[in-house]
Amino acid sequence: MDRAAAESVAATALGVVAGDPQRLGLFLALSGLGPETLRAAAAEPAFLVAVLEFVIGDDDLVMAVARAADIAPAHVVGARDILAGPAPG
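Residues numbered from 1 in each chain as written. Predicted model: local features only at pLDDT ≥ 70, side-chain atom pairs only at ≥ 80, totals over all residues. Heavy atoms only, no water.

**Q** In this structure, what is going on with the overall build of the protein chain? I would like to understand it.
**A** Along its length, the protein chain carries six helices and zero strands. Over its C-alpha atoms the protein chain spans a radius of gyration of 12 Å, differing by no more than 12% from the 12 Å that the globule rule assigns to 89 residues. Its C-alpha atoms give the protein chain principal-axis dimensions of about 30 × 30 × 20 Å. Taken over 89 residues, the protein chain has a buried fraction of 33%. Restricting the contact set of the protein chain to residue pairs at least 6 apart, pairs at least 24 apart contribute 63%. (Helix = DSSP H or I, 4+ residues; strand = E, 2+ residues; numbered from the N terminus. Rg over C-alpha atoms; globule rule 2.2 N^0.38 Å. Buried < 20%, exposed > 50% of the residue type's maximum accessible area, 1.4 Å probe, protein only. Contact = heavy atoms within 4.5 Å.)

Next up, the structure:
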């Protein structure tokens, strides 16, 4: 998977989260974002990582994103790893 594919997975993940008001509310609360700042935040590279981190914390959500993106669930984690870059140290 390359960076463009990882970004596509993250965009799909955001769509899945945004499609569920309860999950979207939880994501916004945990991220400190408001509905009015969501669009601007989405332009930041770290935002995509945050979306995937949120998704990875919920196995059912990982499965929903994998189905929506037509990928294996492990690729959701792989997309996060690509977007996050190498671990420090």
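**Q** Explain helix H1 (residues 3–18) here, please?
**A** Since the α-helix turns once every 3.6 residues, residues separated by three or four places project in the same direction. Its 16 residues give H1 an end-to-end C-alpha distance of 22 Å, which sits within 8% of 22 Å, the value for a rise of 1.5 Å per residue. Looking only at H1, the buried set comprises Ala6, Val9, Ala10, Ala13, Leu14, Val16 and Val17. The arc that holds every buried residue of H1, seen down its axis, measures 160°, which confines them to one face. If you follow the buried residues of H1, they end up packed against helix H2 (21–31), helix H4 (45–56), helix H5 (59–69) and helix H6 (73–84). The opening residue of H1 is Asp2, an N-cap whose side-chain oxygen sits 3.3 Å from the backbone nitrogen of Ala4. (Expected span 1.5 Å × (residues − 1). Arc of directions from axis to C-beta. Polar contact = N/O pair within 3.5 Å; in protein donor to acceptor, adjacent residues only side chain to side chain.)

**Q** What is the right way to read the environment of Phe47 from this model?
**A** Here Phe47 shows up in helix H4. Excluding anything up to four places from it in sequence, Phe47 contacts Leu14, Phe27, Leu33, Leu38, Ala41 and Ala42.

**Q** Got a minute to help me understand the environment of Ala18 in this structure?
**A** Position of Ala18 relative to the elements: it lies in helix H1. On the basis of relative accessibility, which here comes to 40%, the residue Ala18 falls in the partly exposed class. C-alpha separation for the pair Ala18 and Phe54, spaced 36 residues apart in sequence, amounts to 12 Å.

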